[in-house]
Amino acid sequence: MAGTPWIIDTWVNLLRPVSDAQRAAGENVFGLYSQLDAVREGTDPRALVAEMDGSDVAVGGLCSVDLEWTAAVMADHPGRFFGIVSPHPTAIMPCLRTIERAVRDYGFKAVKIEPFLWGKPPTDPMYYPIYAKCVELDVTFTTQIGHTGPLFPSEVGRPIHLDQVALDFPELRIVGGHIGWPWTDEAIAVAWKHQNVWIDTSAHIPKHFPPTFTHFMKTFGQEKCLFASDWPLLPIARPLGQLPEYCDLPAEVRKKFLRENATRAF
């Protein structure tokens with residue numbers, strides 16, 4: 001596949017090795033994806049860049065809980081990543097200062113919060129200062145929607161929660177990850193309704209896309225869907241390699257899905 005890189009992968013991760021006490025919840029999903037080494041040993045940014053190079057990926061949306069490490073990897077590989085800061089929302093003022101620093105000092109383009117980690121849906125007032133800060137700084141808010149692979153309750157990931165957030169913050173750009181499965185129709189409805197809501201395909205391969213999502217990608221949602229691998233959960237080449245067989249996107253739609261929509265969303 002390797003040629004001139006042009007694709008944008010909107011969600012890739014840096015992982016540090018975790019302790020035995022922290023490991024159980026994450027190992028569940030990484031085990032299901034046969035990627036236990038990644039959660040146990042951490043990830044090597046050089047391996048990520050090599051996979052990007054081998055799959056025509058020009059830019060990745062780089063996320064980690066370690067702000068300094070993410071910024072350092074971006075500096076080591078100029079132009080290959082845009083930063084996604086992932087702060088703790090429970091202490092709101094330190095959270096907002098972290099976002100401010102990530103954007104103003106390092107040029108990050110997005111904020112990621114995964115509500116299942118905090119046990120509260122995106123409509124909880126705890127998150128509202130974060131949304132306001134994203135609008136103020138003109139950065140995108142990204143979040144997990146759908147069920148959780150880690151062993152946490154999934155209900156807070158219902159895509160319909162984003163409907164109220166988009167109504168309360170019409171200027172906020174919102175990207176929901178993981179296609180919202182098993183509530184994909186909810187995700188489609190919210191993205192169709194709101195101009196500034198998109199869906200990414202992180203952690204899902206085209207072979208397993210619900211038919212309604214594939215139809216959405218190709219027709220009335222062709223400007224609403226973003227490619228994301230969620231590396232290292234999925235090797236980047238795996239979902240890209242399946243696209244021709246299982247989605248058969250027209251050339252113009254393929255360009256939107258693999259690059260152009262991401263430039264608007266981020």
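Computed from a predicted structure; not experimentally measured.

What about the overall build of the chain?
Item 1. On a plain count of helices and strands, the chain comes out with 11 helices and 8 strands.
Item 2. Relative to the 2.2 N^0.38 estimate, which gives 18 Å for 266 residues, the radius of gyration of the chain is 17 Å and therefore close to what a compact globule would have.
Item 3. When each of the 266 residues of the chain is scored for burial, the buried share is 56%.
Item 4. Expressed as a percentage of contacts within the chain between residues at least 6 apart in sequence, the contacts between residues at least 24 apart total 75%.
Item 5. For the chain, the accessible area works out to roughly 11500 Å², and carbon and sulfur atoms hold 55% of it.

Overview of the pattern of salt bridges
Item 1. Per the counting criterion, the structure on display carries 14 salt bridges.
Item 2. One salt bridge connects glutamate 27 with arginine 40, and the closest N-O pair in it is separated by 2.7 Å. Of this pair, glutamate 27 sits in helix H1 (residues 20-32) while arginine 40 is found in helix H2 (residues 36-41), placing the two residues 13 residues apart along the sequence.
Item 3. Its relative accessible area of 37% is what places arginine 40 among the partly exposed residues.
Item 4. Note that lysine 256 and glutamate 223 form a salt bridge whose closest N and O atoms lie 3.5 Å from each other. Of this pair, lysine 256 sits in helix H11 (residues 251-265) while glutamate 223 sits in the loop between helix H9 (211-218) and strand E8 (225-226), and the two are 33 residues apart along the sequence.
Item 5. Relative accessible area serves as the criterion here: at 15%, lysine 256 is assigned to the buried category.

Here we look at the sheet that holds strand E3 (residues 81-85)
Backbone-to-backbone hydrogen bonds join strands into a sheet, with any given pair of strands oriented parallel or antiparallel.
Item 1. The sheet built from 8 strands is open, its strands ordered E1-E2-E3-E4-E5-E6-E7-E8 with parallel pairing. With one partner strand each, in any of the chains shown, strand E1 (7-13) and E8 form the two edges of the open sheet.
Item 2. Direction of pairing for strand E7 (residues 197-200) relative to E8: parallel, over a ladder of 2 bridges. The partner of isoleucine 199 across the bridge, within E8, is cysteine 225.

Some words on the packing of helix H8 (residues 184-193) against H9
Item 1. The geometry of H8 relative to H9 is characterised by a closest axis approach of 9 Å and an angle of 20 degrees between their N-to-C directions. The angle between H8 and H9 falls in the class roughly parallel. Of the two elements, H8 crosses H9, and the hand of that crossing is left-handed. Residues Thr184, Asp185, Ile188, Ala191 and Trp192 of H8 touch H9, and the partners they reach there are Thr212, Phe213 and Phe216.
Item 2. Here the residues of the contact of H8 with H9 sort into 5 nonpolar, 2 polar and 1 charged.

A short note on empty space enclosed by the protein
To find leftover empty space, one rolls a probe the size of a water molecule over the atoms.
Item 1. Summed over the entire model, instances satisfying the criterion amount to 1 cavity of 30 Å³ or more.
Item 2. Within this model, the largest cavity holds a volume of roughly 40 Å³.
Item 3. Forming the walls of the largest cavity are Ile145, Leu162, Gly176, Ala187, Val190, Ala191, Val197, Trp198 and Ile199.
Item 4. Considering only residue class, the lining of the largest cavity consists of 8 nonpolar, 1 polar and no charged.

Some thoughts on the nonpolar core
Item 1. By size, the foremost hydrophobic cluster in this structure holds 61 residues, and its most contacted members are Phe81, Ile99 and Ile130.
Item 2. Residues contacting isoleucine 130, with those up to four places away along its chain left out, are Pro89, Ile92, Cys95, Leu96, Ile99, Val111, Ile113 and Phe141.
Item 3. Membership of the second largest hydrophobic core comes to 15 residues, among which are Ile8, Phe82, Ala110 and Leu226.

What to know about the layout of surface pockets
Item 1. In this structure, the largest pocket spans a volume of roughly 1400 Å³.
Item 2. Lining the largest pocket are 47 residues, with Val29, Phe30, Glu114, Phe116 and Pro150 positioned closest to its centre.
Item 3. The set of elements that each furnish at least two residues to the lining of the largest pocket consists of E1, H1, strand E2 (57-64) and strand E4 (110-113).
Item 4. Of the residues forming the lining of the largest pocket, the biggest block, 7 residues, is contributed by H1.
Item 5. Among the residues forming the lining of the largest pocket, the class breakdown is 28 nonpolar, 13 polar and 6 charged.

Notes on H9
Item 1. Turning to H9, its buried residues number three or more, namely Phe213, Thr214, Phe216 and Met217. Along H9, the residues classed as buried sweep out an arc of 160 degrees about the axis, all on the same side.
Item 2. The elements touched by buried residues of H9 are H8, E7, E8, helix H10 (237-246) and H11.

Some words on the side chain of serine 86
Item 1. Its location among the elements puts serine 86 in the loop between E3 and helix H5 (92-106).
Item 2. A polar contact is formed between the side chain of serine 86 and the backbone oxygen of lysine 112, at a distance of 3.4 Å.
Item 3. Those residues in contact with serine 86, other than ones at most four positions away along the chain, are Cys63, Ser64, Val65 and Lys112.

About the cut-offs
Residues numbered from 1 in each chain as written. Predicted model: local features only at pLDDT ≥ 70, side-chain atom pairs only at ≥ 80, totals over all residues. Heavy atoms only, no water. Helix = DSSP H or I, 4+ residues; strand = E, 2+ residues; numbered from the N terminus. Rg over C-alpha atoms; globule rule 2.2 N^0.38 Å. Buried < 20%, exposed > 50% of the residue type's maximum accessible area, 1.4 Å probe, protein only. Contact = heavy atoms within 4.5 Å. Areas by Shrake-Rupley, 256 points an atom, 1.4 Å probe, with all protein chains shown as cover. Salt bridge = Lys/Arg side-chain N within 4 Å of Asp/Glu carboxyl O. Pairing = 2+ DSSP bridges. Axes fitted to C-alpha atoms, helices over the stretch in contact; angles between N-to-C directions. Parallel < 35°, antiparallel > 145°, perpendicular 65-115°, else oblique. Left-handed = near helix turned anticlockwise from the far one by under 90°. Nonpolar A, V, L, I, M, F, W, Y, C, P; charged D, E, K, R; others polar. 1 Å grid on protein atoms, 1.4 Å probe; cavity = no way out; pocket = protein on both sides within 12 Å on 5 of 7 lines; lining within 4 Å. Points joined across faces, edges and corners; volume = space filled by probe spheres on them. Core = buried A, V, L, I, M, F, W, Y, C linked by side-chain atoms within 4.5 Å. Arc of directions from axis to C-beta. Polar contact = N/O pair within 3.5 Å; in protein donor to acceptor, adjacent residues only side chain to side chain.

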